[in-house]
Amino acid sequence: MADTLDACARELLEVMPLVMQDLRRTMRSHSSPDLRVPELRSLAFLRHNPGSNLTDLAEYIGVSLPSMSKLVDALAFRSFIDRQPDPGDRRRVRLFLTEDGAAVLAKAREAVQSAFATKLARLRPEDIVTVTASLGLLRDLFVFVPAAAAAQANVVPEPLEA
(Lines give C-alpha, C1' and ligand atoms only; values in the text may rest on other atoms or scores of the structure.)
Protein backbone atom coordinates (compact mmCIF):
# COMPACT_ATOMS: atom_id res chain seq x y z
CA MET A 1 0.00 0.00 0.00
CA ALA A 2 2.83 2.42 0.85
CA ASP A 3 4.35 1.91 -2.61
CA THR A 4 0.99 2.68 -4.23
CA LEU A 5 0.55 5.81 -2.11
CA ASP A 6 4.06 6.98 -2.95
CA ALA A 7 3.51 6.33 -6.66
CA CYS A 8 0.24 8.26 -6.58
CA ALA A 9 1.82 11.18 -4.69
CA ARG A 10 4.77 11.19 -7.12
CA GLU A 11 2.39 11.26 -10.11
CA LEU A 12 0.40 14.09 -8.55
CA LEU A 13 3.63 16.08 -8.07
CA GLU A 14 4.51 15.50 -11.72
CA VAL A 15 1.09 16.31 -13.19
CA MET A 16 0.02 19.36 -11.17
CA PRO A 17 2.78 21.67 -12.46
CA LEU A 18 1.92 20.63 -16.03
CA VAL A 19 -1.75 21.47 -15.49
CA MET A 20 -0.86 24.82 -13.90
CA GLN A 21 1.54 25.61 -16.75
CA ASP A 22 -1.23 24.95 -19.25
CA LEU A 23 -3.63 27.08 -17.20
CA ARG A 24 -1.16 29.99 -17.19
CA ARG A 25 -0.53 29.64 -20.93
CA THR A 26 -4.27 29.65 -21.63
CA MET A 27 -4.79 32.64 -19.33
CA ARG A 28 -2.12 34.62 -21.16
CA SER A 29 -3.56 33.86 -24.58
CA HIS A 30 -7.34 34.03 -23.98
CA SER A 31 -8.26 36.27 -21.10
CA SER A 32 -7.39 39.80 -20.16
CA PRO A 33 -3.70 40.15 -20.93
CA ASP A 34 -3.12 41.69 -17.52
CA LEU A 35 -5.07 39.14 -15.44
CA ARG A 36 -2.51 36.88 -13.81
CA VAL A 37 -3.20 33.47 -12.25
CA PRO A 38 -2.95 34.77 -8.63
CA GLU A 39 -5.53 37.42 -9.51
CA LEU A 40 -7.77 34.83 -11.12
CA ARG A 41 -7.45 32.58 -8.08
CA SER A 42 -8.22 35.54 -5.81
CA LEU A 43 -11.39 36.33 -7.73
CA ALA A 44 -12.41 32.66 -7.69
CA PHE A 45 -11.77 32.46 -3.94
CA LEU A 46 -13.96 35.49 -3.29
CA ARG A 47 -16.70 34.06 -5.49
CA HIS A 48 -16.83 31.04 -3.18
CA ASN A 49 -15.99 32.91 0.05
CA PRO A 50 -17.60 36.35 -0.10
CA GLY A 51 -16.72 38.60 2.82
CA SER A 52 -13.36 36.94 3.45
CA ASN A 53 -10.57 39.04 4.85
CA LEU A 54 -7.08 39.75 3.56
CA THR A 55 -5.51 37.09 5.78
CA ASP A 56 -7.80 34.32 4.46
CA LEU A 57 -7.07 35.35 0.89
CA ALA A 58 -3.30 35.55 1.47
CA GLU A 59 -3.31 32.08 3.08
CA TYR A 60 -5.23 30.64 0.14
CA ILE A 61 -3.02 32.22 -2.53
CA GLY A 62 0.13 31.48 -0.52
CA VAL A 63 1.61 34.97 -0.35
CA SER A 64 2.54 37.40 2.40
CA LEU A 65 0.05 39.96 3.70
CA PRO A 66 1.93 42.90 2.08
CA SER A 67 1.93 41.09 -1.29
CA MET A 68 -1.74 40.24 -0.94
CA SER A 69 -2.51 43.82 -0.01
CA LYS A 70 -0.89 45.02 -3.25
CA LEU A 71 -2.80 42.45 -5.27
CA VAL A 72 -6.08 43.47 -3.60
CA ASP A 73 -5.27 47.15 -4.25
CA ALA A 74 -4.83 46.38 -7.94
CA LEU A 75 -8.05 44.37 -8.13
CA ALA A 76 -9.99 47.05 -6.25
CA PHE A 77 -8.56 49.76 -8.51
CA ARG A 78 -9.85 47.81 -11.52
CA SER A 79 -13.26 47.46 -9.79
CA PHE A 80 -13.00 43.65 -9.67
CA ILE A 81 -13.37 43.51 -5.91
CA ASP A 82 -14.99 45.70 -3.29
CA ARG A 83 -13.69 46.37 0.21
CA GLN A 84 -16.18 46.84 3.01
CA PRO A 85 -15.53 47.44 6.70
CA ASP A 86 -16.13 44.42 8.92
CA PRO A 87 -19.10 45.27 11.16
CA GLY A 88 -17.61 43.14 13.96
CA ASP A 89 -14.10 44.66 13.87
CA ARG A 90 -13.43 48.10 12.43
CA ARG A 91 -9.75 47.24 11.89
CA ARG A 92 -10.66 44.48 9.44
CA VAL A 93 -11.89 44.73 5.88
CA ARG A 94 -14.15 42.25 4.15
CA LEU A 95 -13.63 41.54 0.45
CA PHE A 96 -16.33 40.91 -2.13
CA LEU A 97 -16.34 40.14 -5.84
CA THR A 98 -17.98 42.89 -7.92
CA GLU A 99 -20.08 42.36 -11.06
CA ASP A 100 -17.06 43.38 -13.17
CA GLY A 101 -14.91 40.91 -11.24
CA ALA A 102 -17.46 38.14 -11.73
CA ALA A 103 -17.60 38.90 -15.46
CA VAL A 104 -13.83 38.82 -15.97
CA LEU A 105 -13.62 35.65 -13.87
CA ALA A 106 -16.35 33.98 -15.94
CA LYS A 107 -14.58 34.95 -19.18
CA ALA A 108 -11.25 33.56 -17.99
CA ARG A 109 -12.80 30.36 -16.62
CA GLU A 110 -14.66 29.82 -19.89
CA ALA A 111 -11.44 30.11 -21.89
CA VAL A 112 -9.55 27.72 -19.61
CA GLN A 113 -12.44 25.24 -19.48
CA SER A 114 -12.66 25.23 -23.27
CA ALA A 115 -8.91 24.66 -23.63
CA PHE A 116 -9.01 21.83 -21.08
CA ALA A 117 -12.04 20.25 -22.81
CA THR A 118 -10.15 20.29 -26.11
CA LYS A 119 -7.28 18.37 -24.51
CA LEU A 120 -9.59 15.97 -22.67
CA ALA A 121 -11.42 15.17 -25.92
CA ARG A 122 -8.37 13.14 -26.94
CA LEU A 123 -9.15 10.63 -24.16
CA ARG A 124 -11.48 7.66 -24.44
CA PRO A 125 -14.93 8.28 -22.89
CA GLU A 126 -14.27 5.79 -20.09
CA ASP A 127 -10.99 7.56 -19.27
CA ILE A 128 -12.82 10.88 -19.06
CA VAL A 129 -15.18 9.30 -16.51
CA THR A 130 -12.19 8.03 -14.52
CA VAL A 131 -10.42 11.41 -14.59
CA THR A 132 -13.59 13.22 -13.54
CA ALA A 133 -14.19 10.86 -10.61
CA SER A 134 -10.54 11.09 -9.56
CA LEU A 135 -10.58 14.87 -9.61
CA GLY A 136 -13.66 14.84 -7.40
CA LEU A 137 -11.79 12.71 -4.89
CA LEU A 138 -8.82 15.09 -5.00
CA ARG A 139 -11.07 18.11 -4.52
CA ASP A 140 -12.43 16.55 -1.33
CA LEU A 141 -8.89 15.98 -0.04
CA PHE A 142 -7.49 19.41 -0.88
CA VAL A 143 -10.45 21.73 -0.32
CA PHE A 144 -9.43 24.94 1.42
CA VAL A 145 -11.35 26.11 4.50
CA PRO A 146 -10.58 29.74 5.43
CA ALA A 147 -9.25 30.09 8.97
CA ALA A 148 -12.18 32.31 10.02
CA ALA A 149 -14.75 29.81 8.76
CA ALA A 150 -12.84 26.93 10.35
CA ALA A 151 -12.81 28.72 13.71
CA GLN A 152 -16.57 29.28 13.54
CA ALA A 153 -17.15 25.62 12.71
CA ASN A 154 -14.49 24.38 15.17
CA VAL A 155 -12.57 22.50 12.48
CA VAL A 156 -8.89 22.48 11.60
CA PRO A 157 -8.23 24.36 8.31
CA GLU A 158 -7.29 22.18 5.35
CA PRO A 159 -3.98 22.57 3.48
CA LEU A 160 -3.72 25.31 0.86
CA GLU A 161 -4.41 24.52 -2.78
CA ALA A 162 -1.46 24.75 -5.12
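Q: Describe the overall build of the chain, listing the residues and the values that go with them.
A: Scanning the chain from terminus to terminus reveals seven helices and two strands. Secondary structure elements in the chain, listed N-terminal to C-terminal, are α-α-α-α-β-β-α-α-α. Expressed as a percentage of its 162 residues, the buried residues of the chain come to 29%. Considering only intrachain contacts with a sequence separation of at least 6, the fraction spanning at least 24 residues in the chain is 47%. Of the accessible surface of the chain, which amounts to about 10,900 Å², a share of 59% is contributed by carbon and sulfur atoms.

Q: Quick rundown of the nonpolar core? Include the residues and the values.
A: Within the largest apolar cluster, 26 residues are counted, with the highest numbers of intra-cluster contacts made by Met27, Leu43, Leu57, Met68 and Ile81. Counting only elements with at least two residues in this core, the list comes to helix H1 (2-30), helix H2 (37-48), helix H3 (54-61), helix H4 (65-77) and helix H5 (99-120). Ranked by residue count, the leading element in this core is H2, at six residues.

Q: I'd love a proper account of the packing of H2 against H5, names of residues and values included.
A: With their axes 10 Å apart at the nearest point, H2 and H5 run at an angle of 115 degrees to one another. Two packed elements cross with a definite hand, and for H2 against H5 that hand is left-handed. Along the contact surface, H2 presents Leu40, Leu43, Ala44 and Arg47, while H5 presents Gly101, Val104, Leu105, Ala108 and Arg109.

Quick notes on the rules
- Residues numbered from 1 in each chain as written.
- Predicted model: local features only at pLDDT ≥ 70, side-chain atom pairs only at ≥ 80, totals over all residues.
- Heavy atoms only, no water.
- Helix = DSSP H or I, 4+ residues; strand = E, 2+ residues; numbered from the N terminus.
- Buried < 20%, exposed > 50% of the residue type's maximum accessible area, 1.4 Å probe, protein only.
- Contact = heavy atoms within 4.5 Å.
- Areas by Shrake-Rupley, 256 points an atom, 1.4 Å probe, with all protein chains shown as cover.
- Core = buried A, V, L, I, M, F, W, Y, C linked by side-chain atoms within 4.5 Å.
- Axes fitted to C-alpha atoms, helices over the stretch in contact; angles between N-to-C directions.
- Left-handed = near helix turned anticlockwise from the far one by under 90°.

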